[in-house]
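A structural walkthrough
So the chains spell out like this:
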Amino acid sequence: MAKHKDNKTEEQILEAAQKIFQSKGMDGARMQEIADKASINKAMLHYYYRSKQLLFEAVFKKAFSLLAPQLNAILNDDSSLEDKIKKFTHNYISFIIKHPYLPNFIIQELNRNPKFIEKIKKNVAFPNIDKFKLQVKNEVKTGNIVPINAEQLFINILSLNIFPFVASPLIKAFTNVDDKAYKMLLEARKKEVSDFIINAIKK
């Protein structure tokens, strides 16, 4: 009799794998450990995901598919550049506070497998910054903001939002704060980052 994949079991696997990948990384994770965490046997795990790479990609795509559409919608809506910066920052930080493993997850995999991003780019929800670039160019042309390259501005936005998550142990050590205080700092950054960027590009 043919086996049928069960959505509940698959969800258990993805949740278990997320936790293991987050703590051990792609190379350190073991399929047996993931199976144990999901309370299934290894044969069942391999039935759902034939390899660790396929499981990793499934975990990543699940998380990325929640964030990417939000960011893409913001980059391509009709709001002002200032509002776009505020919404992008607020949504990104809010999401990553709930999924703190994701930035390191991405960086680990890109360092291990640079071609991985090509698979992700095929996702229909992958953020497109063409409209954002045109908007920045027009704002510069009309004199509303200082001359700035749109790609550089986008990198600034990404960097200021991502770095506190990928370097959290280092920043906690420098600032001498505990996890609770650090979470408050991250919440405050929703406004701090957007204000900093907007003030930097204002005429």
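On a predicted model such as this, the values are computed, not experimentally measured, just so you know.

**Looking at the UniProt feature "DNA-binding region" (unreviewed entry) in the protein**
The feature "DNA-binding region" (unreviewed entry), as given by UniProt, occupies residues 30-49 in the numbering adopted here. A helix fraction of 70% and a strand fraction of 0% characterise residues 30-49, whose end C-alpha atoms lie 13 Å from each other.

**A closer look at the packing of helix α1 (residues 7-28) against helix α6 (residues 102-112)**
Between α1 and α6, the shortest axis-to-axis distance is 10 Å and the interhelical angle comes to 0°. Between α1 and α6, the interaxial angle falls into the category roughly parallel. Residues Phe21, Gln22, Gly25, Met26 and Asp27 of α1 form the contact with α6, whose own contacting residues are Phe105, Gln108, Glu109 and Arg112. Class assignment for the residues of the contact of α1 with α6 results in three nonpolar, three polar and three charged.

**Describing the UniProt feature "domain: HTH tetR-type" (unreviewed entry) in the protein**
Here, the residues flagged by UniProt with the feature "domain: HTH tetR-type" (unreviewed entry) are residues 7-67. The distance separating the terminal C-alpha atoms of residues 7-67 is 22 Å; by composition the span is 85% helix and 0% strand.

**What to know about the side chain of Asn161**
One can find Asn161 in helix α9 (residues 150-166). A polar contact of 3.5 Å, which involves the side chain of Asn161, links it to the side chain of Thr89. In this structure the side chain of Asn161 is engaged in a polar contact, spanning 2.9 Å, whose partner is the backbone oxygen of Ile157. Those residues in contact with Asn161 that lie beyond four places of it in its chain are Phe88, Thr89, Tyr92, Ile93 and Val193.

Rules and cut-offs
- By convention here, each chain's residues receive numbers from 1 onward along its written sequence.
- Selection of residues for local features in this predicted model requires a pLDDT of at least 70, selection of side-chain atom pairs for listing and counting requires 80 or more, and totals for whole chains, interfaces and linings are taken over all residues.
- Note that water and hydrogens are dropped before the side-chain values are worked out from all heavy atoms of the structure.
- UniProt positions are given in the numbering used here, feature names are shortened, and annotations may be inferred rather than shown by experiment.
- Secondary structure elements are taken from DSSP: a helix is a run of H or I of four residues or more, a strand is a run of E of two residues or more, and numbering for both begins at the N terminus.
- Note on geometry: axes are lines fitted to C-alpha atoms, helical ones only across the stretch in contact, with angles between N-to-C directions running from 0 to 180 degrees.
- Here the word oblique covers every angle except those under 35 degrees (roughly parallel), over 145 (roughly antiparallel) and from 65 to 115 (roughly perpendicular).
- Two residues qualify as a contact provided that any one of their heavy atoms is within 4.5 Å of a heavy atom in the partner residue.
- Any residue that is not Ala, Val, Leu, Ile, Met, Phe, Trp, Tyr, Cys, Pro, Asp, Glu, Lys or Arg is counted as polar, Gly included; the first ten are nonpolar and the last four charged.
- Pairs of N or O atoms within 3.5 Å make up the polar contacts considered here, provided that, within protein, one atom can donate a hydrogen while the other can accept it, and that residues adjacent in sequence are counted only when both atoms are side-chain atoms.

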